[in-house]
Amino acid sequence: MEIDLAQLDSNAANSDILRAPTCIIGAGIAGLTLAHKLVTLGHEVLLLESGGHAREDFSPVEQAGHPHPGTSEPRPRALGGTSLTWGGQLLPFPQDTTSWPISASDLNAFTTEAEQILAVDSLPYDAASFFARTHQAAPALLNQLPQLEASLSKFAPFSHRNLARTLGRKLRGPSKARLTLHATVTELLLAPTRDHIEAVLVRTPSGQTLRLTPAHVVLAAGTIETVRLLLASCSVAPEGLGNQHDQLGRNFHDHLTIAAATLNEPARTQLLA
């Protein structure tokens, strides 16, 4: 079911209508996918989204030094999140995962499910396996430059890139999900014992604050908004929730562009052909 706090007056908006064991903050790609999975497994879920159905103005982030438009332009506050603006490209998980807490094999079981959600094929991502499976000749450049490790990406069709139109539509219908729009989470209240989140504070468009007490809380609001929320959750921990080492929000990397290689003739001509 769908609940829009912007359409409820202050008397109608209360925490009773937002009760659920699991609360997911953020209805973007991660939030919608997780909520849909939990509902499919029979769980009751509360999904909170600070925006509505259409993209709304993004509250600016104060930045030191050179402003980075990536903090706001591709991150809409709306049901569907970044899936409203992304290109729909799927890339393979790095095979060299020595510095990651998870491995590529850990995610293989979920690859097929993700491809089904985004309506792409199940062909391999590495070039050698792809051309072998499709019975096509690999480009000569790959044989002439063995130092290149080629892989392919997949693009979701436009009909499935915006998850608000696919998973969001399913959650809005009869289900165990309470999809709540215009629900801005302002703070996660840490218990005095500092071992769990005691409550979630939600601000409605009318200015009312609702106190929710789910058993489980999942943050799926994206890197910037999640960090902002954790830093704002300082009633019990003045430094911010989870920021005891002062590392929240630091070392943020976003779509870096670097000069990785230089291709000279004739390789350059072959690549651009």
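Whatever comes next refers back to the structure up there.
Residues numbered from 1 in each chain as written. Predicted model: local features only at pLDDT ≥ 70, side-chain atom pairs only at ≥ 80, totals over all residues. Heavy atoms only, no water.

Draft legend 1. Representation of the overall build of the chain in the model. In terms of regular secondary structure, the chain is built from eight helices and ten strands. The 273 residues of the chain split such that 35% are buried. Partitioning the contacts of the chain with sequence separation of at least 6, the portion at a separation of at least 24 is 63%. By element, 55% of the accessible surface of the chain is carried by carbon and sulfur atoms, the whole surface being about 16500 Å². (Helix = DSSP H or I, 4+ residues; strand = E, 2+ residues; numbered from the N terminus. Buried < 20%, exposed > 50% of the residue type's maximum accessible area, 1.4 Å probe, protein only. Contact = heavy atoms within 4.5 Å. Areas by Shrake-Rupley, 256 points an atom, 1.4 Å probe, with all protein chains shown as cover.)

Draft legend 2. Looking closely at the environment of Leu 142. Relative to the assigned elements, Leu 142 resides in helix H4 (residues 140–144). Residues Leu 142 and Ala 127, spaced 15 residues apart in sequence, show a C-alpha to C-alpha distance of 9.0 Å. Apart from residues lying up to four places away in sequence, Leu 142 is in contact with Ala 127, Phe 131 and Ala 150.

Draft legend 3. Main features of the nonpolar core. Among the nonpolar cores identified, the biggest contains 23 residues, and Ile 24, Leu 32, Leu 47, Leu 79 and Leu 171 are the most heavily contacted of them. Contributions of two or more residues to this core are made by helix H1 (29–40), strand E3 (45–48), helix H6 (167–172) and strand E6 (177–181). The dominant element in this core, judged by the number of residues it contributes, is H1, at four residues. Look past the residues within four positions of Leu 171 in its chain and what remains in contact with it is Met 1, Leu 32, Ala 35, His 36, Val 39, Leu 47 and Ala 177. Of all hydrophobic cores here, the second largest spans 20 residues; its members include Leu 5, Ala 20, Leu 46 and Val 185. (Core = buried A, V, L, I, M, F, W, Y, C linked by side-chain atoms within 4.5 Å.)

Draft legend 4. Quick peek at the pairing of E6. With respect to burial, E6 is a largely interior element, four of its five residues being buried. Bridging between strand E1 (residues 2–4) and E6 involves three bridges; their strand directions are parallel. Residue pairing for E6: Glu 2 is matched across the bridge by Leu 179. Pairing geometry for E3 and E6, over four bridges, is parallel. Among the inter-strand pairings, Val 45 is bridged to a residue of E6, identified as Ala 177. (Pairing = 2+ DSSP bridges.)

Draft legend 5. Structural detail: the packing of aromatic side chains. A complete count under the given rule lists one aromatic pair for this structure. Arranged with centres 5.3 Å apart and planes meeting at 80°, the rings of Phe 130 and Phe 131 form a pair that is edge-to-face. Comparing Phe 130 with Phe 131, the two get one shared label, buried. Lys 154 extends its terminal NZ or CZ atom over the ring of Tyr 125, reaching a point 4.2 Å from the ring centre. The positively charged end of Arg 161 is found above the aromatic ring belonging to Phe 158, 4.2 Å away from the centroid. (Phe/Tyr/Trp six-rings, centres within 6.5 Å; stacked < 30°, edge-to-face > 60°. Lys NZ or Arg CZ within 6 Å of the ring centre and 35° of its normal.)

Draft legend 6. View of the sheet that holds strand E7 (residues 184–190). Read from one edge of the open sheet, three strands run E7-E8-E9, paired in antiparallel fashion. Every interior strand has two partners, whereas the edge strands, E7 and strand E9 (209–212), have only one. Neighbouring strand axes in the sheet, compared pairwise and without regard to direction, differ in orientation by 25° on average. With four bridges joining them, strand E8 (residues 197–203) and E9 adopt antiparallel strand pairing. Within E9, the residue paired with Leu 201 across the bridge is Arg 211. (Axes fitted to C-alpha atoms, helices over the stretch in contact; angles between N-to-C directions.)

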